[in-house]
There are 2 protein chains.
Amino acid sequence: MASSIHDLARHLNISIGTVSRALNGRADVNADTRQRVLEAARTLNYSPNQSGRSLRQGATHSIAFMLQPHPGDQQYGEPFFMPFLIGLQAKLAESGLDLIVVMGAPGDYQQERLRRVVETRRADAVVLAWTRREDERIDYLTQAGFPFATVGRSRSGARPYPSLDLDFEKAGADAVDRLVARGHRRIAAIRPSLDLNFSYLFLDGYSKGLLRHGIEVDPELIADGFINEAGGYAVTPRVMRSKNPPTAIIFNNDVMALGGCKALAEMGIRPGQDIAVTVIVDTPLCRYFSPALTAFRPALEPMGQRLAEMLLASIPAFAGPEGPRIIREVWPLELVARDSD
Amino acid sequence: MASSIHDLARHLNISIGTVSRALNGRADVNADTRQRVLEAARTLNYSPNQSGRSLRQGATHSIAFMLQPHPGDQQYGEPFFMPFLIGLQAKLAESGLDLIVVMGAPGDYQQERLRRVVETRRADAVVLAWTRREDERIDYLTQAGFPFATVGRSRSGARPYPSLDLDFEKAGADAVDRLVARGHRRIAAIRPSLDLNFSYLFLDGYSKGLLRHGIEVDPELIADGFINEAGGYAVTPRVMRSKNPPTAIIFNNDVMALGGCKALAEMGIRPGQDIAVTVIVDTPLCRYFSPALTAFRPALEPMGQRLAEMLLASIPAFAGPEGPRIIREVWPLELVARDSD
DNA sequence: CGTTTTTCCGTAAACGTTTACGAGAACACA
DNA sequence: TGTGTTCTCGTAAACGTTTACGGAAAAACG
């Protein structure tokens, strides 16, 4: 079943060294022998043992994406990440790299899992998502000298590292601009309660947007909750019951918006009619909700591809002739105007 | 940085064999030396190189979950699988196994990816999801003698294999029962157009349910679409515009229901008032939609745990003293009555 | 034909583990 | 003291690759 390089060598009556060289496309092997080797490999259904080559080369040819549920959440934010992963995987495959997604148990915030991946050398590099404002994972990886890239920024990290993020700050400000232009002055912001960095960026943009229009930031109109439907559901009534309730709400993500709209519905408040609703990160949910939610859309699949390029560019073994480079980029979020505001 | 077993041996002035035995908890090593080895391992920050032990043992200590987007879909059905994966991963970890999620490119239906995993021995077993009625992956794995388990059943497979499925047939029939009891006789069914096995099971149950009440199955009330929001959106108007339109719709999954409800909204038809809507597989979306959707709920996390047990029980190396066993189970879907019917 | 270069291939070591085997030391028992 | 048993540990092979090195044969060159 499992045919090794020795089987090929024996079958062709040549040495294993030659077989290996032929397979790996090295120059010092006769064109004819190479042909025979490749053919034998096909007929004997040979494919190289990963453990063997990893051990010899000190490289696993795989990149790990760390997947972690948030505490209090069972959703992983996947509607967001799946298109991203498609792009990432496609680009990595071009360089012969496999993408593996490493699961963590809920609650331990990946540290333990990450250590495992790094120390047992299960992957050549990792991709981190859901970066936090202070992110111990980033500190650990830089300190360990392990290659990585992040989707999202962070304050952590002694050395620079490749990162790709969305411009949540601009989106937050743009959302305010649009609502103000439509006559709103009481605008609420609902965001995750965790230390997630994009949550801060969003709030910064929101605040700057308000100030730009001479509107004071009212703490009563800002609320934090779990980053899931239940979080939005729990927290939205709170801002609606403030002394001077908002006429518009900006939700930081789609699932919190879903929960929030549920709460609004139960209060008899209709998005798009009685209140304006804007969502920062667009997903199919926003589009197919009724009313369709105005949202800011990321280019997820291209982002995945780009992050792969950036990650590889930072690793000496994969970087081009000009040597490794650290690339950091922030991509725009594009407004998709729909019916909810 | 990367300390090996040789480093430990040199540091302690003993042989690598002894170190290895101490680390692996074998009996023939002095309690005192074991203590010293373990301590040195901690201070030198040793952890075994996976490639090394995999190569030697012929086992990778990891299980692969094959993740594949459907053609025409970018969603992966993750809201469904994530809690399942949490359970799966938790149980596998108890046996020292890592769960890795292997991505496939959209469209190639995993075959290529699966071959890669199997042939390069990247995992000791795989878990398949989204089983099809005729599933070449199952044929391939049985023929290759590679351990696997599925969530979902299939017609394929020369030999029996562990599988865990939900009782879509009963859920379909129960949904009909409930709707009939509430006075409906024109009941539509909307399901994925792919060869997915649960789609057939659902339709069987639906048909049997109707016949049980003496209601003829009307092909005009059955529609197939992409298993995503767009699919439900595209296909729902078709059944609504039939000569004798339905007064109730059963959707096979949450995302198609979301799209379908969008289409209904645009036609001025309100779920829960103008039409009854039932969803077979419950997710947070169903709960937080307005109106909350009546749905059938699976116990996803326990299912993940159970499948891990079943998979391990089927592998000689992990099975208990009574030897390997093939377990197949079908779990119930529990009705959660809400506001949409 | 002698010398140099090129082409091609075999040999063997190395990657980090695990483990079968055997041997020395300590101990028990008569 | 002689014999057998039990504890411990070192030695070395093996897992499947890749690759540095060197050498034989062929080709090129004068």
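Residues numbered from 1 in each chain as written. Chains lettered and ligands numbered in written order. Predicted model: local features only at pLDDT ≥ 70, side-chain atom pairs only at ≥ 80, totals over all residues. Heavy atoms only, no water.

Colleague: What is the right way to read the relation of the copies chain A and chain B from this model?
Modeller: Note: a rotation about an axis with an accompanying shift along it relates these two copies of the chain. Superposing chain A onto chain B takes a rotation of 180° combined with a translation of 0.0 Å along the rotation axis, leaving an RMSD of 0.1 Å. Such values leave the two copies arranged in the relation of a two-fold axis. Interface overlap between copies is the fraction of interface residues in one copy that are interface residues in the other; for chain A against chain B it reaches 100%, indicating a shared surface. (Least-squares fit on C-alpha atoms with pLDDT ≥ 70 in both. Contact = heavy atoms within 4.5 Å.)

Colleague: How should I be thinking about the protein's contact with DNA strand D in this particular structure?
Modeller: Every one of the 27 residues lining DNA strand D counts as a neighbour, but Ile5, Ser20 and Arg56 of chain A together with Thr18 and Asn30 of chain B are closest to it. Taking all atoms of DNA strand D within 4 Å of the protein, the share assigned to sugar and phosphate is 57%. Where the surface near DNA strand D is concerned, the elements lending two or more residues are α1 (5–12), α2 (16–23) and α4 (50–57) of chain A together with α2 (16–23) and α4 (50–57) of chain B. Tallied by class, residues from the surface near DNA strand D come to seven nonpolar, 13 polar and seven charged. (Near = heavy atom within 4 Å. Helix = DSSP H or I, 4+ residues; strand = E, 2+ residues; numbered from the N terminus. Nonpolar A, V, L, I, M, F, W, Y, C, P; charged D, E, K, R; others polar.)

Colleague: I keep staring at the packing of α2 of chain B against helix α3 (residues 31–43) of chain B and nothing clicks. Help me out?
Modeller: For any two helices packed against each other, one specifies the crossing angle of their axes together with the interaxial distance. All names here are of chain B. Remark: α2 packs on α3, axes separated minimally by 9 Å, with the N-to-C direction vectors making an angle of 85°. Judged by the inter-axis angle, α2 sits roughly perpendicular to α3. Counted together, Val19, Arg21, Ala22 and Leu23 of α2 and Arg34, Val37, Leu38 and Ala41 of α3 form the full contact between these two elements. In terms of residue class, the contact of α2 with α3 is built from six nonpolar, no polar and two charged. (Axes fitted to C-alpha atoms, helices over the stretch in contact; angles between N-to-C directions. Parallel < 35°, antiparallel > 145°, perpendicular 65-115°, else oblique.)

Colleague: How do you make sense of the pairing of strand β8 (residues 248–251) of chain B when you look at a structure like this?
Modeller: Residues in a regular strand point their side chains to alternate faces of the sheet. All names here are of chain B. Side chains Ala248 and Ile250 project from β8 onto one buried face, and the interleaved Ile249 and Phe251 project onto a second face that is buried too. Direction of pairing for strand β6 (residues 187–192) relative to β8: parallel, over a ladder of four bridges. Bridge pairing in β8 links Ile187 to Ala248. The pairing of β8 with strand β9 (residues 276–279) spans four bridges and is classified as parallel. From the neighbouring strand, Phe251 faces β9, where its bridge partner is Val279. (Buried < 20%, exposed > 50% of the residue type's maximum accessible area, 1.4 Å probe, protein only. Pairing = 2+ DSSP bridges.)

Colleague: I keep staring at the domain arrangement of chain A and nothing clicks. Help me out?
Modeller: By a widely used convention, the size of an interface equals the accessible area lost when the partners come together. All names here are of chain A. Taken as a whole, chain A is organised into domain 1 (5–48), domain 2 (62–166 + 300–334) and domain 3 (168–297). The distance between the C-alpha centroids of domain 2 and domain 3 comes to 28 Å. Contact with domain 2, which involves 18 residues of that partner, is made by 18 residues of domain 3. Taken together, both faces of the contact between domain 2 and domain 3 bury some 1700 Å²; the carbon and sulfur share is 59%. It is Arg133, Leu333 and Glu334 in domain 2 that bury the most area against domain 3; as a group they hold 35% of the surface buried on that side. Our count for the domain 2 to domain 3 interface comes out at one salt bridge. (Domains from an automatic or database assignment. Buried area = accessible area lost by both parts, 1.4 Å probe. Salt bridge = Lys/Arg side-chain N within 4 Å of Asp/Glu carboxyl O.)

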